[in-house]
Amino acid sequence: RKRAEAAENVATKIQALAWVIVGGFVVYQSDMINVMLQSPDVNRFWFNVAAGCFATNCVLCAYLTIWLPYVQRIYIEWNVYCPRVIPTMTIVGIVCGFS
C-alpha cells in the first residue's frame, strides 16, 4: 500500500514536470514573450486587463496555498477561514478568460 502511494506520487511529479517542459517549449517556439511585449497586433487594453486578472489570481492562490498554512499556520478549510476568496478568484478568472 505504501509502495503504491509512493509510485503514484512519483508518477504525478513526472507528469507535472512533463507539462512544465511542454509549456516552456511552446512559449519558446512561439516566441510568445516578444509577441506579447512588442507586437502591434496585441490590443494593449485587453492584454493589461487579462494580465492584471492573472496576477490577482496568482496572488490569491499564493495566499491560500503558502501564506495561510506556512506563515500564519492556519489549517482550517479555506471556505471557513476566508469564504470570499474562491468566489473572487472565480469571477476574476472569468473576466481574465473573456479579456
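Before reading further, recall that the structure is shown in the block above.
Residues numbered from 1 in each chain as written. Predicted model: local features only at pLDDT ≥ 70, side-chain atom pairs only at ≥ 80, totals over all residues. Heavy atoms only, no water.

> Please clarify how the nonpolar core should be interpreted in this entry.
As a rule of thumb, soluble globular proteins bury nonpolar side chains together. Core analysis: the largest hydrophobic core is formed by seven residues, namely Leu60, Leu64, Leu68, Ile74, Cys82, Val85 and Met89. Counting only elements with at least two residues in this core, the list comes to helix H3 (44-71) and helix H5 (85-98). At three residues, the largest contribution of residues to this core is made by H3. Apart from residues no more than four positions distant in its own chain, Met89 is found in contact with Asn57, Leu60, Cys61 and Leu64. (Core = buried A, V, L, I, M, F, W, Y, C linked by side-chain atoms within 4.5 Å. Buried < 20%, exposed > 50% of the residue type's maximum accessible area, 1.4 Å probe, protein only. Helix = DSSP H or I, 4+ residues; strand = E, 2+ residues; numbered from the N terminus. Contact = heavy atoms within 4.5 Å.)

> Hey, could you run me through the side chain of Asn57 in this one?
Checked against the element boundaries, Asn57 lands in helix H3. Assessed through its relative accessible area of 17%, Asn57 is described here as buried. There is a polar contact of 3.4 Å between the side chain of Asn57 and the backbone oxygen of Met89. Contact partners of Asn57, with chain neighbours within four places excluded, come to Met89, Val92 and Gly93. (Polar contact = N/O pair within 3.5 Å; in protein donor to acceptor, adjacent residues only side chain to side chain.)

> Even after reading the chapter, I still don't get the environment of Val10, so can you show me in this structure?
Tracing the chain through its elements places Val10 in helix H1 (residues 2-30). The class for Val10 is partly exposed, based on a relative accessible area of 47%.

> Sorry if this is basic, but what is going on with the environment of Tyr63 here?
As for its placement among the helices and strands, Tyr63 is situated in helix H3. Overall, Tyr63 belongs to the partly exposed group, its relative accessible area being 27%. Note: C-alpha distance between Tyr63 and Gln29 (34 residues apart in sequence) is 32 Å. Aside from chain neighbours lying at most four places away, what touches Tyr63 is Leu68, Tyr81, Cys82 and Val85.

> When you look at a nonpolar patch on the surface in this model, what are you seeing that I'm missing?
Taken together, the side chains of Trp19, Val22, Phe25 and Val26 define a hydrophobic patch exposed on the protein surface, amounting to about 450 Å² of accessible area. Residue classification places Val22 among the partly exposed positions, given a relative accessible area of 44%. (Patch = residues over 30% accessible without salt bridge, like charges linked within 9 Å, V, L, I, M, F, W, Y side chains within 5 Å. Areas by Shrake-Rupley, 256 points an atom, 1.4 Å probe, with all protein chains shown as cover. Salt bridge = Lys/Arg side-chain N within 4 Å of Asp/Glu carboxyl O.)

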